[in-house]
Amino acid sequence: MALKKVEIEFPEDIWERVGVSPQKVTAKAREFIVMALLRQGEISQGRAAELLGVDRWALMDLMGKYQVPATQLTAEELVAEQKRLHQYRKSGA
């Protein structure tokens, strides 16, 4: 995978308020961008986990932190899924 580097500049007072190393800020920026791409449906959950170097469970925790829905179902798809689940339960399977 080819990587590209981005440099972000902030005033000194912002760095002082954040109180963390540039490496931690870089990691948080990466996390934020990956979560935004995931929220927009630009990447899959598997790809997001890969980019962040985390397992599926850690990704779910991050998704909760960033309020990224675990599924991207439309209202109609959700109703259809509920109907299928109801039919499945009725069938005793």
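Reference entry: report on the structure contained in this document. (Residues numbered from 1 in each chain as written. Predicted model: local features only at pLDDT ≥ 70, side-chain atom pairs only at ≥ 80, totals over all residues. Heavy atoms only, no water.)

### Some details on the layout of surface pockets
In this structure, the largest pocket encloses a volume near 740 Å³. Considering the residues around the largest pocket, the lining is formed by 20 residues, among which K4, K5, V6, T26 and R30 are closest to the centre. The leading source of residues in the lining of the largest pocket is helix 2 (residues 22–39), at eight residues. The residue makeup of the lining of the largest pocket, split by class, is 15 nonpolar, one polar and four charged. (1 Å grid on protein atoms, 1.4 Å probe; cavity = no way out; pocket = protein on both sides within 12 Å on 5 of 7 lines; lining within 4 Å. Points joined across faces, edges and corners; volume = space filled by probe spheres on them. Helix = DSSP H or I, 4+ residues; strand = E, 2+ residues; numbered from the N terminus. Nonpolar A, V, L, I, M, F, W, Y, C, P; charged D, E, K, R; others polar.)

### With respect to the environment of A48
Relative to the assigned elements, A48 resides in helix 3 (residues 45–52). Considered as a pair, A48 and F10 are 38 residues apart in the sequence and their alpha carbons are 26 Å apart. Discounting residues that sit within four places of it in the chain, A48 has contacts with V34, L38, I43 and L59. (Contact = heavy atoms within 4.5 Å.)

### Side note on a nonpolar patch on the surface
Together, V6, I8 and F10 make up an exposed nonpolar region whose accessible area comes to about 320 Å². For F10, a relative accessible area of 42% translates into the label partly exposed. (Patch = residues over 30% accessible without salt bridge, like charges linked within 9 Å, V, L, I, M, F, W, Y side chains within 5 Å. Areas by Shrake-Rupley, 256 points an atom, 1.4 Å probe, with all protein chains shown as cover. Salt bridge = Lys/Arg side-chain N within 4 Å of Asp/Glu carboxyl O. Buried < 20%, exposed > 50% of the residue type's maximum accessible area, 1.4 Å probe, protein only.)

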